[in-house]
Amino acid sequence: MKLTPAEQDKASLWHPFTQMADWCDPGHEPLVLQSGKGAMLRDIHGNEYLDGNSSIWTNIHGHAHPAINAAIEAQLREVAHVSFLGFTHPTAAALAERLIELYPGNHLKKVFFSDNGSTAMEAAIKMAVQYRQQNGEPERTGFLAFENAYHGDTMGATSLGGMRLFHQRFATHQFPVTQVSTMQDLEKFSAAEQITAIVIEPLIQGVNRMHIWPKGMLAELRAWCDRHDVFLIADEVMTGFGRTGTLFACEQENVTPDLVTLAKGLTGGYLPLAATLTSQRIYDGFLGAGDMERPLYYGHSYTANALGCAAALASLDLFESERTLENLAAKITRMRELLAGLQTHPHIGAIRQCGFIAGIDLVAADGSPFDPAARIGKQVCDAARKHGLLTRPILDTLVLMPPLCTTETQLESAVEAVRKGIDQVLRPCQLPA
Ligand SMILES: *Cc1c(COP(=O)(O)O)cnc(C)c1O
C-alpha cells in the first residue's frame, strides 16, 4: 500500500523548530500544501487559504506568477547552476548590477551571493572580522547586537541573536557579542574601539514579536557608527523588497549601511538565494597580490545559483511593471483601518504595524499575557485556518504579513479570519450556534 504524503512525512521527516512527538501524534493531521496561485495556497483536499505570512516571510508577488515561472524556465533551458569559483554567469552579473542600483544612497558597491539569510549574515560577519585583521585594526574583533534580535540559525548568526529560547542553549559554542537594548544603552558603551561592527534589523525586529524601533533611531545609530568608525550591518532579510512600504527599510531614515544582508524576498520567495552588499571601502580592504594573500575566505557550492538569480531579476522587474510599491500604499492604509477595527476586541492587546507587516498581541480579558504553555497563539492560528487564513504566531503574537499582491478583499477576509479564530478559541460561548 502506498502511503499518503502525510504518512510518508511522519515516517521520514524531521521539521524545523517542531516537537516531532506532537507532529507525529495520530491526532495531528499535517496540512499538505500542494499548489498556489497569487496570495492563495491550496491543500491536497482542494481547500484554499490566504498565505497570511507569505510562506514564512518570503513570498512577494504571489505564487506561480507567470513572469517569475517563465524566467526560471528560460534560465533552466540554458543552465541551472554553474560554479561561481573561478567562473561567472550573465544572470548573476545582471542581478548584482541591479541590486547596487536599487539600494539607496549609492554607497554599496559590491554584491556577495550566498544561499539564505543566515549565510548572508555569516558572510557579513567574516567580512567585518577579516577586514580589520588586514587593515591595521586587529584589535577590532568585537560585535554589538540588539537584545531579542534574530539573524538566523547558523552558529555565527545565532551568536548575534538575542532570543534566549533560540540562542541560549548554544552559548558554549558561540562567539561573544555585547548586547544593547536602546540607543541610550549604546551611548554608554565605552569600548567602541574594540568593535568591528554592529548589527540591526532596521525599523522592525521580526522574530521579537514585531517590535518596532523608535522613529529616528536608525539614523542615530548611523551617526554613532560614524563617530566610532564601527561598521553598520543592516539585516534586511525580512524587511527587504517592499515589506515595510519602501523597497528597503533603511530608505525610510535615509541611512546607508556599510553591509546589508538580503534573502527571503530576494527571489520573490521562489528559490533560496541571498546577497551581502558591501561598501567600496570594505571590498578594497581585501585587494592584494594573489589568492593566498587577502581574498575573503568564504563561499558555498551554490553561490549565485543561476535559477535563483533569474527569479530575483524577474521579481525586481515586477516591482516596476506591476507598480508594486505604488499599489501597496493603499493596502497598507487598509490594513491599518482593519486592524483598528480589531483593537476593541477584549482579547487583543497591542497591535504593531510597519508597512505591510503586523503583529497582534493576544491577551486575557484583563489585559494580562497568557501562560505561554497554553499556546493560545497556536490555537488561534489553527482556528483561523478553518476560516481560510494560514499564519503562524510568535508565542501569543499573531503575525499578518501576506504577499504584497494580496488584494484589499483578501485582506478583509484575513482580518475576519483572525477575529473568528480568536472568538472560537477564547469566547466560544458567545459564538452563534
Ligand atoms: C529569517 C531571517 C534571517 C535568517 O534567514 P534564513 O534564510 O532563514 O536563514 C535572518 N535575519 C532576519 C531578520 C530574518 O527574519
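## Observations concerning the pairing of strand 11 (residues 259–262)
Next, step 1: Judged by which residues are buried, strand 11 turns out to be covered on both faces: Leu 259 and Thr 261 on one side and Val 260 and Leu 262 on the other are all buried.
Next, step 2: The sheet contact formed by strand 10 (residues 231–235) and strand 11 spans three bridges and is parallel. Within the sheet, the bridge partner assigned to Ile 233 lies in strand 11 and is Leu 259.
Next, step 3: Where strand 11 meets strand 12 (residues 274–279), four bridges bridge the pair, whose relative direction is antiparallel.

## Let's talk about the packing of aromatic side chains
Next, step 1: The final tally for this structure, using the stated rule, is six aromatic pairs.
Next, step 2: Look at Tyr 131 and Phe 231: their rings are 5.3 Å apart centre to centre, the planes differ by 75°, and that puts the pair in the edge-to-face class. Separated by 100 residues along the polypeptide, Tyr 131 in helix 6 (residues 117–133) and Phe 231 in strand 10 bring together distant segments of the chain. Phe 231 matches Tyr 131 in its accessibility class, with the two residues each being buried.
Next, step 3: Through successive ring pairs, a cluster of aromatic residues spans Tyr 103, Phe 241 and Phe 248.
Next, step 4: If you follow Lys 110 out to its NZ or CZ, it ends over the ring of Tyr 283, 4.4 Å from the centre.
Next, step 5: For the cation-ring pair, Arg 132 lies above Phe 231, with the distance from its terminal atom to the ring centre recorded as 3.9 Å.

## Topic: the side chain of Asp 361
Next, step 1: Position of Asp 361 relative to the elements: it lies in strand 14 (residues 357–362).
Next, step 2: Residue classification places Asp 361 among the buried residues on the basis of a relative accessible area of 9%.
Next, step 3: A distance of 2.8 Å separates a polar atom in the side chain of Asp 361 from a polar atom in the side chain of Arg 352.
Next, step 4: Discounting chain neighbours no more than four positions away, the residues touching Asp 361 are Arg 209, His 347, Ile 348, Gly 349, Ala 350, Arg 352, Asp 396 and Thr 397.

## Concerning the packing of helix 4 (residues 66–78) against helix 12 (residues 306–321)
Next, step 1: Two numbers describe how helix 4 lies on helix 12: the axes approach to 8 Å, and their chain directions differ by 145°. Crossing of helix 4 over helix 12 shows right-handed handedness. Contact residues: helix 4 offers Ala 67, Ile 68, Ala 71, Ile 72, Gln 75 and Leu 76, while helix 12 offers Ala 306, Leu 307, Ala 310, Ala 311, Ala 314, Ser 315 and Leu 318.
Next, step 2: By residue class, the composition of the contact of helix 4 with helix 12 is 11 nonpolar, two polar and no charged.

## Observations concerning helix 5 (residues 90–102)
Next, step 1: If you check helix 5, its first and last C-alpha atoms are 18 Å apart, about what 13 residues at 1.5 Å a residue would give, namely 18 Å.
Next, step 2: Of the positions making up helix 5, those classed as buried are Thr 91, Ala 92, Leu 95, Ala 96, Arg 98 and Leu 99. On an axial view of helix 5, the arc spanned by its buried residues comes to 165°, and they lie on one face. Projecting away from the buried face of helix 5 at angles above 90 degrees are the exposed residues Pro 90, Glu 97 and Glu 101.
Next, step 3: Looking at the packing, one finds that the buried side of helix 5 touches helix 4, strand 4 (108–114), strand 11, strand 12 and helix 12.

## A short note on the sheet that holds strand 1 (residues 33–37)
Next, step 1: With respect to topology, four strands assemble into an open sheet ordered 1-2-3-15, the strand pairing being mixed. The open sheet has two edge strands with one neighbour each: strand 1 and strand 15 (389–390).
Next, step 2: Where strand 2 (residues 40–43) lies against strand 3 (residues 48–51), three bridges are found, and the strand directions are antiparallel. When the sheet's bridge partners are listed, Met 40 is paired in strand 3 with Leu 50.

## Some thoughts on the site of the ligand
Next, step 1: Around the ligand lies a shell formed by Trp 57, Asn 116, Gly 117, Ser 118, Tyr 150, His 151, Gly 152, Glu 201, Asp 235, Val 237, Met 238 and Lys 264.
Next, step 2: The contact in question runs from an oxygen atom of the ligand to an N or O atom on the side chain of Asn 116, over 3.3 Å.
Next, step 3: Between the ligand and Asp 235, the relevant distance is 2.6 Å, taken from a nitrogen atom to a side-chain nitrogen or oxygen of the residue.
Next, step 4: Surface burial for the ligand is 84%, taken as the share of its 380 Å² of free accessible area covered by protein chains.
Next, step 5: Here the residues of the shell around the ligand are counted per class, giving four nonpolar, five polar and three charged.

## Description of the layout of surface pockets
Next, step 1: Taken as a whole, the second largest pocket spans an internal volume of roughly 950 Å³.
Next, step 2: Elements supplying a minimum of two residues to the lining of the second largest pocket: helix 5, strand 4 and helix 11 (280–284).
Next, step 3: Looking at the lining of the second largest pocket element by element, the count peaks at five residues for strand 4.
Next, step 4: A per-class count over the lining of the second largest pocket returns 17 nonpolar, 10 polar and four charged.

## Some words on the pairing of strand 12
Next, step 1: For strand 12, a buried count of six out of six residues is recorded, marking the element as mostly surrounded by other parts of the structure.
Next, step 2: Going residue by residue along strand 12, you find Ala 274, Thr 276 and Thr 278 tucked away on one face and Ala 275, Leu 277 and Ser 279 tucked away on the opposite face as well.
Next, step 3: With six bridges connecting them, strand 4 and strand 12 associate as antiparallel partners. For Phe 112, the partnering residue across the bridge sits in strand 12 and is Thr 276.

Reading the values: rules and limits
- Residues numbered from 1 in each chain as written.
- Predicted model: local features only at pLDDT ≥ 70, side-chain atom pairs only at ≥ 80, totals over all residues.
- Heavy atoms only, no water.
- Buried < 20%, exposed > 50% of the residue type's maximum accessible area, 1.4 Å probe, protein only.
- Helix = DSSP H or I, 4+ residues; strand = E, 2+ residues; numbered from the N terminus.
- Pairing = 2+ DSSP bridges.
- Phe/Tyr/Trp six-rings, centres within 6.5 Å; stacked < 30°, edge-to-face > 60°.
- Lys NZ or Arg CZ within 6 Å of the ring centre and 35° of its normal.
- Polar contact = N/O pair within 3.5 Å; in protein donor to acceptor, adjacent residues only side chain to side chain.
- Contact = heavy atoms within 4.5 Å.
- Axes fitted to C-alpha atoms, helices over the stretch in contact; angles between N-to-C directions.
- Left-handed = near helix turned anticlockwise from the far one by under 90°.
- Nonpolar A, V, L, I, M, F, W, Y, C, P; charged D, E, K, R; others polar.
- Expected span 1.5 Å × (residues − 1).
- Arc of directions from axis to C-beta.
- Near = heavy atom within 4 Å.
- Areas by Shrake-Rupley, 256 points an atom, 1.4 Å probe, with all protein chains shown as cover.
- 1 Å grid on protein atoms, 1.4 Å probe; cavity = no way out; pocket = protein on both sides within 12 Å on 5 of 7 lines; lining within 4 Å.
- Points joined across faces, edges and corners; volume = space filled by probe spheres on them.

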